[in-house]
Amino acid sequence: MNDLTIKNILEVTKGELIIGNDKYICRSYSKDTRTIKEEDCYIGIKGEKFDGNLFWEKALENGASTVIVQNVDFNEENLKKWTNKNIIKVENTLEALYEIASFKRSLYGDDFKLVAVTGSVGKTSTKDIIANVLSQKYKTLKTEGNNNNNIGLPFMILNLDDHEAAVIEMGMNHFGEISLLTKIAKPMLAVITNIGTSHIGNLGSRENILKAKLEILEGMKNPILALNNDNDLLNKWNDSNKSVKVITYGIENESEIMAENIRYNEENSEFICNLRGVRFGVKVPVAGVHFVMNALSAIAVGSFFGLTNEEMKEGIETFSLTKKRMDIVDINSNVKVINDAYNASFESMQASLKNLGRYDGYKKVAVLGDMFELGNYSEKLHKDVGIEVVKDQIDVLICSGKNAKFIADEVLSLGMNKEKVYYFEEKEKIINLLEKFDLNSKMVILFKASNGMKFFDLANKYIEKVKTNVK
């Protein structure tokens, strides 16, 4: 155990102990008074629209042992109520969070098996599968939910306890964000899943996205990267790289770890893994080529940390996705709904459509919405999605969203039957259309859009409504 005392926190934050015991040990941390647990240390985070410092007393009332706050004027009357608690005042609670998390991480040493996962798409599913592989041999902490930013990641680091390994996801929208995260987490090994077009509106080019992702090296003492060697920019960077140790994995380009003889099934995939000349069979419980790549990344990490082939196979075959990723629901024996609408970029749209296209014998329906943060690239990339719809021989396209109109326009320009293409300004009308489809014929319906489009909720509404009618 590497627990922090109040004294440790005071030293690293240069904070002031208003009341309390500097020998008290803080073992768990929270920023939300609604979910706070007994004995938590509450850190009041001030955001653009919300100031957690205003709720320090609520945190104590709900069971917190300690609060760390800024810009709070305490008086004798309200302090008398909390003489058995710890109150720390700092100049900036966000900076204090970074310092506390960095100190916590340092207690585990340079040899701690911390894996950082970043990339344009697939971070969460890659993190999930890597963590499940490592957990076959080591007690492993992994990022929960979408805690991959400048607030979520430090809190994940503070969750370290008697763990032997950790898999931490790192997201970003701008330059400098990965730099901050990696300096807190100090990874021993980093995985870059791909360089695509997510956030290209903020960063201006894929080359700049690569540059931002490579900030991950800044927190690594002896950098080791596991890279998707099939990604064009990562492959090109690796060819010119002279200073960083790299483990490559891929399907198309010659790599240290490769998938051969891939068989794509409706709801899973199977392949032969060629691990530096040693071959063994692997079954991935989620369909799609992108999940084969995720499995290869997990083998890259697992083999680096000394897992056997059997341990890695078991970890891959038993992993489950974080909720809201690739949820597949059977409406009845004929109809499936793929709810993959937690987020979207061109690359994830491409992968989802390719997976949908593999459902032979089914009517393939794609319900697509806008992709966000594409800036000047938005029209082109939405049109590119339209090209993928036609390429993957999707039977019916249903779109909603300002920029999704470009998807519909593109498939029509490419000759898709106009009676099979629908566009709605109001996305709620999509459900009305889908309810008219015959549930007695074999059909797969994919929902995909950026999270802000709320297509995830739309899919769930459709599923609930149709299942009720089926009963």
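Keep in mind that what you see is a predicted model, and the values were worked out from it rather than measured.

Caption draft 1: The sheet that holds strand 9 (residues 140-142), seen in detail. Pairing is mixed in the open sheet, where nine strands are placed in the order 9-10-8-11-12-13-14-15-16. Every interior strand has two partners, whereas the edge strands, strand 9 and strand 16 (278-284), have only one. If you compare each strand with its neighbour and ignore which way they point, the axes differ by 20° on average. Against the sheet, helix 12 (residues 309-317) engages strand 15 (269-275) and strand 16, with an angle of about 15° to strand 16.

Caption draft 2: Quick peek at helix 12. What helix 12 keeps buried is the set Met312, Lys313, Gly315 and Ile316. Buried residues of helix 12, viewed axially, fall in a sector of 165°; they line one side. Where helix 12 is buried, its residues contact helix 5 (123-134), strand 15, strand 16 and helix 11 (289-304).

Caption draft 3: Main features of the sheet that holds strand 21 (residues 421-424). Taken in spatial order, the six strands make up an open sheet running 17-18-22-19-20-21, and their pairing is mixed. A single partner strand is all that each edge strand has here, and the edge strands are strand 17 (327-330) and strand 21. Taken over all neighbouring pairs, the strand axes of this sheet differ in orientation by 15° on average, direction set aside. Sheet topology places strand 17 next to strand 18 (residues 335-339); four bridges connect them, and they run antiparallel. Of the residues in strand 18, the one forming a bridge with Asp327 is Asn339. Packing of helix 15 (residues 404-413) onto the sheet brings it into contact with strand 19 (363-368), strand 20 (396-400) and strand 21, and relative to strand 20 it is tilted by some 150°.

Caption draft 4: Molecular detail of the packing of helix 5 against helix 11. At their nearest, the axes of helix 5 and helix 11 sit 9 Å apart, and the two run at 40° to each other. Relative to helix 11, the element helix 5 lies oblique. In this structure, helix 5 crosses over helix 11, and the sense of that crossing is right-handed. Residues Ser125, Thr126, Ile129, Ile130, Val133 and Leu134 of helix 5 form the contact with helix 11, whose participating residues are Phe291, Asn294, Ala295, Ser297, Ala298, Val301 and Gly302. Considered class by class, the residues forming the contact of helix 5 with helix 11 number eight nonpolar, five polar and no charged.

Caption draft 5: Structural detail: unusual backbone geometry. With phi around 50°, Arg276 is a residue other than glycine that occupies positive phi space. Here Arg276 lies in the loop between strand 15 and strand 16. Of the residues examined, Arg276 reaches a relative accessible area of 46% and is grouped as partly exposed. You will see that Lys454, though not glycine, has its phi angle at about 60°, which is positive. Looking at Lys454, the relative accessible area reads 45%, which means it is partly exposed.

Quick notes on the rules
- The residue numbering used here restarts from 1 in each chain and proceeds along that chain's sequence as written.
- In keeping with the model being predicted, local features are shown solely for residues with a pLDDT of at least 70 and side-chain atom pairs are shown and tallied solely at 80 or more, while totals for entire chains, interfaces and linings include all residues.
- The basis for every side-chain value is the complete set of non-hydrogen atoms in the structure, without hydrogens or water.
- A pair of strands is labelled paired if DSSP reports no fewer than 2 bridges between them.
- In DSSP terms, a helix is any run of H or I states spanning at least four residues, a strand is any run of E spanning at least two, and both are numbered starting from the N terminus.
- Helix axes use the C-alpha atoms of the stretch in contact, all axes being lines fitted to C-alpha atoms, and the angles between their N-to-C directions lie in the range 0 to 180 degrees.
- Throughout, a contact is declared for two residues whenever any of their heavy atoms are within 4.5 Å.
- Between buried and exposed lies partly exposed: a residue is buried under 20% and exposed over 50% of the maximum accessible area for its type, with that area taken using a 1.4 Å probe on protein chains only.
- Directions pointing from the helix axis toward each C-beta atom define the arc.
- Each angle is binned into one of four classes, with values under 35 degrees roughly parallel, values over 145 roughly antiparallel, values of 65 to 115 roughly perpendicular, and all other values oblique.
- By convention, the crossing between two helices is left-handed when the near helix turns anticlockwise from the far helix through less than a right angle, and right-handed when the turn is clockwise.
- Amino acid classes used here: Ala, Val, Leu, Ile, Met, Phe, Trp, Tyr, Cys and Pro are nonpolar; Asp, Glu, Lys and Arg are charged; the rest, including Gly, are polar.

Any functional reading would require information beyond the geometric quantities listed.
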